[in-house]
Amino acid sequence: MTPPASEADLAEWVALARAPRIGPVTFFQLLDRFGTPGDALAGMASINADMDAARREIDDVRQAGATILTAADPRFPKALSHLSPPPPLITAIGKLDLLNRPAIALVGARDASAAGRKIARQLSTAIGQAGLVTISGMARGIDGEVHAASLDTGTVAVLAGGADQVYPPQHRDLYEAICQQGAVVSERAFGHRATARDFPRRNRIVTGLAVGTVVVEAAERSGSLISARMAGEQGREVMAVPGSPLDPRAAGTNRLIRNGATLVRHGADVLEAVSGQIGEQHAFSFSPPMPLDPSFEDEPPGGDLAARILEALSPTPMPISEIARASQCSARQCAALLMELEIEGKALTHAGGLASRA
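About the criteria used
- Residues numbered from 1 in each chain as written.
- Predicted model: local features only at pLDDT ≥ 70, side-chain atom pairs only at ≥ 80, totals over all residues.
- Heavy atoms only, no water.
- Buried < 20%, exposed > 50% of the residue type's maximum accessible area, 1.4 Å probe, protein only.
- Helix = DSSP H or I, 4+ residues; strand = E, 2+ residues; numbered from the N terminus.
- Arc of directions from axis to C-beta.
- Contact = heavy atoms within 4.5 Å.
- 1 Å grid on protein atoms, 1.4 Å probe; cavity = no way out; pocket = protein on both sides within 12 Å on 5 of 7 lines; lining within 4 Å.
- Points joined across faces, edges and corners; volume = space filled by probe spheres on them.
- Nonpolar A, V, L, I, M, F, W, Y, C, P; charged D, E, K, R; others polar.
- Salt bridge = Lys/Arg side-chain N within 4 Å of Asp/Glu carboxyl O.
- Pairing = 2+ DSSP bridges.
- Right-handed = clockwise from strand over helix to strand, strands pointing away.
- Lys, Arg positive; Asp, Glu negative; His and termini not counted.
- Polar contact = N/O pair within 3.5 Å; in protein donor to acceptor, adjacent residues only side chain to side chain.
- Phe/Tyr/Trp six-rings, centres within 6.5 Å; stacked < 30°, edge-to-face > 60°.
- Axes fitted to C-alpha atoms, helices over the stretch in contact; angles between N-to-C directions.
- Left-handed = near helix turned anticlockwise from the far one by under 90°.

(A) Up close: helix 13 (residues 305-312). Among the residues making up helix 13, those that are buried are L305, R308, I309 and A312. Along the axis of helix 13, the buried positions cluster into a sector of 100°, meaning they face one direction only. Those residues of helix 13 hidden inside the fold are in contact with helix 6 (114-129), helix 14 (320-327) and helix 15 (331-343).

Set out below in structure tokens:
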């Protein structure tokens with residue numbers, strides 16, 4: 001492939017990639033047949049490409065300080081270029097060098113338990129300290145924990161909508177931090193709001209950027225299992241964190257392990273699993289993760305705190321401080337509501353400041 005040599009060439013590349021009914025497979029078939037996007041547009045009158053929209057997109061991207069990387073660009077992620085087919089282009093904000101560093105994808109449940117959130121942070125911290133980048137989808141739950149824990153060492157958020165579209169809205173601050181310290185990427189056009197069909201495409205990019213994918217928590221039917229399947233199809237290592245058979249959020253991960261995924265308990269397991277793909281250029285060492293003990297004096301606006309605490313509980317007893325952190329409240333608030341939930345038969349408190357779902 002020849003990279004676009006001019007502004008007009010880039011606009012034709014974008015226009016063809018954004019044309020209705022032109023997916024990655026058709027895009028590269030046309031490129032093989034005609035040689036360039038411009039020749040494809042000229043030779044196929046049936047392609048309804050919008051050149052004006054393509055030019056506006058390029059202008060919007062540049063004004064936002066972002067970059068369009070075509071699949072022919074030398075800066076295009078090498079891991080994505082090995083996909084069959086790769087995305088014709090991606091839009092990136094932030095540190096582009098992160099896109100070509102060895103990376104691990106970590107995905108999991110949006111309604112994650114406190115235990116799942118904790119292991120996601122620990123894994124991400126260890127992976128970052130080992131010199132690898134973390135990849136995730138910036139969803140609430142496991143994804144958010146992954147990005148927040150590895151901001152300082154390198155993290156990439158892959159969005160289902162355009163790279164300028166923050167979703168979920170409560171991750172606005174996290175999004176801004178990733179733009180500054182990490183990288184945000186998307187296959188979709190600037191300004192595009194995600195629809196249901198965009199998330200499988202996002203998941204393909206998440207797993208495609210990484211040498212391996214770790215699933216932390218996943219129910220029997222979840223997008224995380226789709227990501228695991230895609231990772232396997234892409235020839236990437238598939239890993240999963242085991243969980244209690246009593247917790248539905250562990251049903252998917254336990255099944256992955258039963259079907260051959262690598263069981264991981266901590267960062268060392270992850271790095272051992274992918275060491276062959278990464279090579280010897282990285283020296284792996286691990287230290288305990290930094291303690292995270294936020295203090296929430298007042299309940300954040302929106303949502304039912306009792307419902308958030310119940311969501312954070314799992315059959316495995318966890319420290320109340322961890323449950324409070326996952327629920328975004330103070331330990332005192334959490335303990336008080338856990339008492340009410342125990343009275344209602346929904347929670348159990350245990351010796352040593354632990355609590356679990358009843």
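(B) Region of the structure containing empty space enclosed by the protein. Inspection of every chain in the model, using the stated rule, returns 1 cavity of 30 Å³ or more. In this model, the largest cavity occupies a volume close to 40 Å³. Lining the largest cavity are V158, L159, A160, E187, R188, D198, R201, R202 and I205. Residue assignment for the lining of the largest cavity shows that the elements contributing at least two residues are strand 5 (155-159) and helix 9 (198-208). Among the elements that take part in the lining of the largest cavity, helix 9 stands out by supplying 4 residues, more than any other. Looking at the lining of the largest cavity residue by residue, the classes come out as 4 nonpolar, no polar and 5 charged.

(C) Geometry of the pattern of salt bridges. In total, this model carries 16 salt bridges according to the counting rule given. If you follow the salt bridges from partner to partner, you end up with R117, R121, E145, E322 and R325 in one network.

(D) Representation of the pairing of strand 3 (residues 103-107). Of all the 5 residues making up strand 3, 5 are buried; the element is thus mostly covered by neighbouring parts of the structure. The two faces of strand 3 match: A103, A105 and V107 on one face and I104 and L106 on the other face are all buried. In this structure, strand 3 lies alongside strand 4 (residues 133-136), joined through 3 bridges in parallel fashion. Each bridged residue has a counterpart across the sheet, and for I104 the counterpart in strand 4 is T134. With respect to chirality, the unit in which strand 3 leads through helix 6 into the neighbouring parallel strand 4 is right-handed. Across 4 bridges, strand 3 lies against strand 7 (residues 212-215) in parallel orientation. Along strand 7, the bridge assignment pairs A105 with T213.

(E) Up close: the side chain of R204. Checked against the element boundaries, R204 lands in helix 9. Lacking a salt bridge, the buried R204 has E187 as its closest oppositely charged neighbour, with an N-O distance of 4.4 Å. Engagement of the side chain of R204 in a polar contact is seen with the backbone oxygen of P85, the distance being 2.7 Å. Other than its neighbours up to four places away in sequence, R204 contacts P24, L83, P85, P86, P87, E187, M230 and Q234.

(F) Structural context of the packing of aromatic side chains. If you walk through the whole model with that rule in mind, you get 3 aromatic pairs. The interplanar angle of 50° and the centroid separation of 5.3 Å between the aromatic rings of W13 and F27 together place this pair among those described as tilted. Of this pair, W13 sits in helix 1 (residues 7-18) while F27 sits in helix 2 (residues 24-34); the two residues are 14 residues apart in sequence, bridging distant segments of the chain. Exposure class is identical for W13 and F27. Each is buried. A ring pair is formed by F27 and F28, whose centres lie 5.1 Å apart and whose planes are at 75°; its orientation type is edge-to-face. By the burial criterion, F27 is buried, and F28 matches it. Each member of the aromatic cluster is reached from another via a ring pair, and the members are W13, F27 and F28.

(G) Structural context of the environment of A149. With respect to the helices, strands and loops of the structure, A149 is situated in helix 7 (residues 142-149). Judged by relative accessible area, A149 falls into the partly exposed class, the value being 26%.

(H) Structural detail: the sheet that holds strand 7. The mixed open sheet is built from 9 strands, whose spatial order is 1-2-6-5-4-3-7-8-9. Whereas interior strands pair on both sides, the edge strands pair on one side only; in this sheet they are strand 1 (67-70) and strand 9 (262-263). Across 2 bridges, strand 8 (residues 237-240) lies against strand 9 in parallel orientation. For A240, the partnering residue across the bridge sits in strand 9 and is L263. Along the sheet, helix 6 contacts strand 3, strand 4 and strand 7; its crossing angle with strand 3, the most-contacted strand, is approximately 175°.

(I) Region of interest: the packing of helix 6 against helix 7. At a minimum axis distance of 8 Å, the contact between helix 6 and helix 7 shows a crossing angle of 35°. In this structure, the crossing between helix 6 and helix 7 has a hand that is right-handed. Between helix 6 and helix 7, the residues in contact are G116, R117, A120, R121, S124 and T125 and I142, E145, V146 and A149, respectively. For the contact of helix 6 with helix 7, the per-class residue count stands at 4 nonpolar, 3 polar and 3 charged.

(J) Just the pairing of strand 5, in detail. Burial analysis of strand 5 places 5 of its 5 residues in the buried class, the great majority of the element. The side-chain alternation of strand 5 yields two buried faces, one formed by T155, A157 and L159 and the other by V156 and V158. For strand 4 and strand 5, the ladder comprises 3 bridges, and the chain directions are parallel. Across the sheet, residue S136 finds its bridge partner in strand 5, namely A157.

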